[in-house]
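Overview (structure and organization)
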Amino acid sequence: MAKPTVVTTRAALLDALGAVRAQGRTVGFVPTMGALHRGHISLVERAVAENGCAVVSVFVNPTQFNNPNDLKTYPRTPEADLDLLDETGVELVFMPSVEEMYPQPDTRQFDFGPTGQVMEGERRPGHFNGVAQVVSRLFDLVHPNRAYFGQKDFQQVAIIRMLVDMLGYNIEIVECPIVRESDGLALSSRNALLTPKARRAAPAIHHAMALAQLQMAQRTVQQTAQWVVEQINAVAPLQVEYFTLANAQTLQPIGAWSDAERVVGCIAVQAEQVRLIDNIIFK
Ligand code: PAF
């Protein structure tokens, strides 16, 4: 399998994509912040399978970090990322510097309404604005036919769909299932930062949510929320930041199971210094 071409400038990316377009090939795009794992690779493999050309970006976007320490400690493994991508069939890897992506500061403000104000939007002010800034810049460069995102960032996918509508992009957003370790922990670049103790505890997050989902007929929404939080907080050092049962379309919290056709449970948990998020479809 041919190794991907790595480009670091916008000009080189546009050049390479010009050739792809001239051949009439479709483009599938997987934006990432690197520290790649099997979850990312599942997106890449799908982009390769469904398009004439697959493009991956690896860029730790500073504008979406509301916590400077999180930005500083975010894992960066460019060589290992390229090794992993070598065998996937991806054609282009875009690895820009911060200056290349933001020659001038991006001052755009996006308003995603109530969808952007709950859960991650509430706990990480400015996070989705930063995501929208970088994703729109990347979409403007790559002009993909399809873009692939993991369902682990459930709210992010909803925000990206709104962004696509807002800016009138003709891009199909493909949402891909969460990939988990055999013990249930959702794959995340941040898992590499877990201490052994936190790593041993972390599967309790998915276990509690999965069991709550199986038993949902036995509990009200409020009882379910309380039960999940208690189960997880009982496993040191896990501390639930929020667990919200929400309408899967609007991301607004529900009061009763009948409030929405599709219900998602979204969670953020502090595991010592590492913040983990996960979710599960309740119905
Ligand atoms: O999900 C991520 O890794 C990031 O938020 C994204 C979409 C690559 C934007 O930086």
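Keep in mind it's a predicted model, so treat the numbers as computed, not measured.

**Things to note about the packing of aromatic side chains**
Evaluated as defined, the whole model comprises seven aromatic pairs. Plain terms: the ring middles of Phe29 and Phe139 are 6.3 Å apart, the flat faces sit at 70 degrees to each other, and that makes the pair edge-to-face. Residue Phe29 is found in strand β2 (residues 27-32), and its partner Phe139 is found in helix α7 (residues 127-142); the two are separated by 110 residues along the sequence. Side by side, Phe29 and Phe139 carry an identical accessibility label, which is buried. Geometrically, the ring pair formed by Phe59 and Tyr102 is tilted, given 6.3 Å between the ring centres and 45 degrees between the ring planes. With a gap of 43 residues between them, Phe59 in the loop between β3 (53-58) and α3 (68-73) and Tyr102 in the loop between α5 (98-101) and α6 (120-123) connect regions that are remote in the sequence. For the pair formed by Phe59 and Tyr102, the shared burial category is buried. Feature note: the residues Phe29, Phe139 and Tyr169 constitute an aromatic cluster, connected by ring pairs. Across the ring face of Trp227, the terminal group of Arg219 is positioned such that the distance to the ring centre comes to 4.2 Å.

**Digging into the sheet that holds strand β6 (residues 172-176)**
Pairing is parallel across the open sheet formed by six strands, whose spatial order is β1-β4-β3-β2-β5-β6. Edge strands, defined here as strands with exactly one partner in the open sheet, are β1 (5-7) and β6. Put simply, the sheet's adjacent strands are angled 25 degrees from each other on average, direction ignored. Bridge count between β3 and strand β4 (residues 92-94): three bridges; the pairing is parallel. The partner of Ser57 across the bridge, within β4, is Phe94.

**Notes on the sheet that holds strand β8 (residues 263-271)**
Judged by pairing direction, the sheet is antiparallel, and its three strands sit side by side in the order β7-β8-β9 without closing on themselves. Bordering the open sheet on either side are β7 (238-247) and β9 (274-281), each of which pairs with just one other strand. Averaged over all pairs of adjacent strands, the angle between strand axes in this sheet comes to 15 degrees, irrespective of strand direction. Bridge count for β7 against β8 is nine bridges, and the pairing is antiparallel. Bridge pairing in β8 places Ala246 opposite Val264. The strands touched by helix α10 (residues 203-214) within the sheet are β7, β8 and β9, with β9 carrying the most contacts at an inclination of about 20 degrees.

**A short note on the pairing of β6**
Bridge count for strand β5 (residues 146-150) against β6 is five bridges, and the pairing is parallel. Considered in β6, the bridge of Arg146 is made with Glu172. As for the winding sense of the linkage, the β-α-β connection from β5 through helix α8 (residues 154-167) to β6 is right-handed.

**Some words on the side chain of Ser136**
Tracing the backbone through its elements, the reader meets Ser136 in helix α7. Judged by relative accessible area, which is 0%, Ser136 ranks as buried. Looking at Ser136, its side chain comes within polar contact range of the main-chain oxygen of Ala132, at 2.7 Å. Setting aside residues no more than four positions away along its own chain, Ser136 makes contact with Arg108, Phe110, Leu163, Leu167 and Tyr169.

**Re the packing of α10 against helix α11 (residues 221-233)**
Contact geometry of α10 with α11 gives a least axis separation of 9 Å together with a crossing angle of 150 degrees. In this view, α10 runs roughly antiparallel relative to α11, as classed from their interaxial angle. Our pair here, α10 against α11, has a crossing hand that is right-handed. Residues Ala204, Ile205, Ala208, Met209, Leu211 and Ala212 of α10 lie in contact with α11, whose contacting residues are Thr224, Trp227, Val228, Gln231 and Ile232. Classifying every residue of the contact of α10 with α11 gives nine nonpolar, two polar and no charged.

**Thoughts on the environment of Glu50**
Here Glu50 lies in helix α2 (residues 38-50). Spatially, the C-alpha atoms of Glu50 and Val60 are 26 Å apart, while their sequence positions differ by ten residues. Among residues more than four places away in sequence, those in contact with Glu50 are Thr26, Arg146 and Tyr148.

**Notes on unusual backbone geometry**
Residues Ala236 and Pro237 are joined by a peptide bond in cis, for which omega reads 5 degrees. With respect to the helices and strands, Pro237 occurs in the loop between α11 and β7. Positive phi is not limited to glycine here, since Met119 has a value of about 45 degrees. Here Met119 lies in the loop between α5 and α6. Positive phi, close to 55 degrees, is recorded for Glu272, a residue that is not glycine. As for its placement among the helices and strands, Glu272 is situated in the loop between β8 and β9. According to the relative accessible area criterion, Glu272 is partly exposed, its value standing at 33%.

The rules behind the values
Residues numbered from 1 in each chain as written. Predicted model: local features only at pLDDT ≥ 70, side-chain atom pairs only at ≥ 80, totals over all residues. Heavy atoms only, no water. Phe/Tyr/Trp six-rings, centres within 6.5 Å; stacked < 30°, edge-to-face > 60°. Helix = DSSP H or I, 4+ residues; strand = E, 2+ residues; numbered from the N terminus. Buried < 20%, exposed > 50% of the residue type's maximum accessible area, 1.4 Å probe, protein only. Lys NZ or Arg CZ within 6 Å of the ring centre and 35° of its normal. Pairing = 2+ DSSP bridges. Axes fitted to C-alpha atoms, helices over the stretch in contact; angles between N-to-C directions. Contact = heavy atoms within 4.5 Å. Right-handed = clockwise from strand over helix to strand, strands pointing away. Polar contact = N/O pair within 3.5 Å; in protein donor to acceptor, adjacent residues only side chain to side chain. Parallel < 35°, antiparallel > 145°, perpendicular 65-115°, else oblique. Left-handed = near helix turned anticlockwise from the far one by under 90°. Nonpolar A, V, L, I, M, F, W, Y, C, P; charged D, E, K, R; others polar.

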